[in-house]
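# An overview of the molecular structure
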2 protein chains.
Amino acid sequence: MENIKQDILPECELHEEHLDLIERGRARLPETTELYDLSDFFKVFGDSTRLGILFAIDGAPMCVCDIAAVLGMTKSAVSHQLKVLRQNRLVKYNKVGKNVFYELSDDHVRDIIEKALEHIEE
Amino acid sequence: MENIKQDILPECELHEEHLDLIERGRARLPETTELYDLSDFFKVFGDSTRLGILFAIDGAPMCVCDIAAVLGMTKSAVSHQLKVLRQNRLVKYNKVGKNVFYELSDDHVRDIIEKALEHIEE
DNA sequence: CGAATAGTTGAATAGTTGTTCAACCGTTAT
DNA sequence: ATAACGGTTGAACAACTATTCAACTATTCG
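### Regarding the interface of chain B and chain A
Chain B puts 64 residues into the contact, and the matching count from chain A is 62 residues. Together, Arg-28, Phe-42 and His-119 of chain B form the three largest contributors to the area buried by chain B at its contact with chain A, with a combined 12%. Linking chain B to chain A there are zero salt bridges. Remark: the boundary between chain B and chain A carries eight residue pairs in polar contact (both at pLDDT 80 or more). Residue assignment for the side of chain B that touches chain A shows that the elements contributing at least two residues are helix H1 (16-28), helix H2 (32-45), helix H3 (48-57), strand E1 (62-63), helix H4 (64-71), strand E3 (99-104) and helix H6 (107-120) of chain B. Tallied by class, residues from the side of chain B that touches chain A come to 33 nonpolar, 12 polar and 19 charged.

Shown next as structure tokens:
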């Protein structure tokens, strides 16, 4: 999902103390793939439509049409975003007749959003 | 940062039960502006370079050049992303001679990243 | 002073992303 | 069977975003 950029020569003069800081900084850095997984995860929450969907279905499962009505959007747009949420396992669904009811896949999702809300209100 | 889409007519047939579901869904939905603030906040974390910076400076303040060396990127690219982190008050800095040392603005940032890491490892 | 280094910035470009539109599939009801 | 509805999908387009490049500021040092 993103390009890899590694092992480019630093452009600044590297005194001993800085070399030490760089060494320590590298040690704190997670694996590249983990960094990408993490940013991809946050990207899912970085869209107001997807957040809206998560809030809407939090507590009561809803079908696509009703989610679209709640958000004031087309079924298609909502369905596209539900696909993203599905792929990241943030929602689960079950079909009932012509309807597909979506709900939060677990309470973990709620936690993450609440933590962020806390930070914002300050 | 995003377009507003509201009060579009729902396209699906609205039986009474669905009207009730929609009503409840709307009640759970936060204010539009709050939804945008929240998604904007997550967007900041939705980039591996910015996450890398946050991990790198977590624990020890670092100057731009050293951050660039840790990540294997140019100073310019790092500086651009530091600006985003500054604007969202996730980092603070102080100048020492020619260097600008950046550090995490508070422990809240750490918490949020850890919560997400928990969710991913599963 | 002038040269060198650290950092910032704006414009340009390439890549990504969200919504729309139209076509499609599956289920239900006539 | 066929029409109608709920939902999904792929292509296209517009808007956005991250990196690069070059130019710039500020500070230090000779």
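Further notes follow.
### Some words on the nonpolar core
Grouped together as the largest cluster of nonpolar side chains are 70 residues, with contacts concentrated most on Phe-45, Ile-67 and Ile-113 of chain A together with Phe-45, Leu-54, Ile-67 and Ile-113 of chain B. Those residues in contact with Ile-67 of chain B that lie beyond four places of it in its chain are Ile-53, Ile-57, Met-62, Val-78, Leu-82 and Tyr-102 of chain B. Of all hydrophobic cores here, the second largest spans five residues; its members include Cys-12 and Leu-21 of chain A together with Cys-65 and Phe-101 of chain B.

### Here we look at the state of the cysteines
Residues and elements named next belong to chain A. For the structure on display, the rule yields zero disulfides over all chains. Counting only cysteine sulfurs, Cys-65 is the nearest neighbor of Cys-63, a cysteine outside any disulfide, at a range of 6.0 Å. Taking relative accessible area as the criterion, Cys-65 reaches 12% and is therefore assigned buried.

### Points about the sheet that holds E1 of chain B
Strand pairing in a sheet takes place through backbone hydrogen bonds and is either antiparallel or parallel in direction. All names here are of chain B. In space, the three strands of this open sheet follow the order E1-E3-E2, with antiparallel pairing throughout. Either end of the sheet is taken by a strand with one partner, and the two such strands are E1 and strand E2 (91-96). Across six bridges, E2 lies against E3 in antiparallel orientation. The residue of E3 that forms the bridge with Asn-94 is Phe-101. Each of E1, E2 and E3 is contacted by H3, which is oriented at about 90° to E3, the strand it contacts most.

### Examining the pattern of salt bridges
Scanning all chains against the criterion turns up eight salt bridges over all chains. A salt bridge links Asp-107 of chain A to Arg-110 of chain A, with the nearest nitrogen and oxygen atoms 2.5 Å apart. Residue Asp-107 of chain A and its partner Arg-110 of chain A are located together in helix H6 (residues 107-120), separated by three residues, close to a single helical turn. The shortest N-O distance in the salt bridge between Asp-40 of chain B and Lys-43 of chain B comes to 3.3 Å. Of this pair, Asp-40 of chain B and Lys-43 of chain B both sit in helix H2, three residues apart, roughly one helical turn. Under the relative-accessibility criterion, Lys-43 of chain B is labelled partly exposed at 25%. Look at the salt bridges and you will find they share partners, linking Asp-58, Asp-107 and Arg-110 of chain A into a network.

### Focus: the relation of the copies chain B and chain A
The two chain copies are connected by a rotation around an axis plus a translation along it. For the pair chain B and chain A, the superposition axis carries a translation of 0.0 Å, the fit reaches an RMSD of 0.1 Å, and the rotation angle comes to 180°. Both copies are brought into coincidence by an operation consistent with a two-fold rotation axis. An overlap of 97% is found between the interface residues of chain B and their copies at the interface of chain A, pointing to a shared contact surface.

### Things to note about the protein's contact with DNA strand D
If you check the shell around DNA strand D, you find 28 residues, and the closest are Cys-65, Ser-76 and Tyr-102 of chain A together with Thr-49 and Ser-76 of chain B. With respect to DNA strand D, the backbone of Cys-65 of chain A contributes an N or O atom lying 2.6 Å from a phosphate oxygen. Contact between DNA strand D and Gln-81 of chain B: a phosphate oxygen at 3.1 Å from a side-chain N or O atom of the residue. If you tally residues by element for the surface near DNA strand D, the top one is helix H5 (residues 75-87) of chain A, at six residues. Residue composition of the surface near DNA strand D, grouped by class: nine nonpolar, 10 polar and nine charged.

Cut-off values and rules
- Residues numbered from 1 in each chain as written.
- Chains lettered and ligands numbered in written order.
- Predicted model: local features only at pLDDT ≥ 70, side-chain atom pairs only at ≥ 80, totals over all residues.
- Heavy atoms only, no water.
- Contact = heavy atoms within 4.5 Å.
- Buried area = accessible area lost by both parts, 1.4 Å probe.
- Salt bridge = Lys/Arg side-chain N within 4 Å of Asp/Glu carboxyl O.
- Polar contact = N/O pair within 3.5 Å; in protein donor to acceptor, adjacent residues only side chain to side chain.
- Helix = DSSP H or I, 4+ residues; strand = E, 2+ residues; numbered from the N terminus.
- Nonpolar A, V, L, I, M, F, W, Y, C, P; charged D, E, K, R; others polar.
- Core = buried A, V, L, I, M, F, W, Y, C linked by side-chain atoms within 4.5 Å.
- Buried < 20%, exposed > 50% of the residue type's maximum accessible area, 1.4 Å probe, protein only.
- Disulfide = S-S within 2.5 Å.
- Pairing = 2+ DSSP bridges.
- Axes fitted to C-alpha atoms, helices over the stretch in contact; angles between N-to-C directions.
- Least-squares fit on C-alpha atoms with pLDDT ≥ 70 in both.
- Near = heavy atom within 4 Å.

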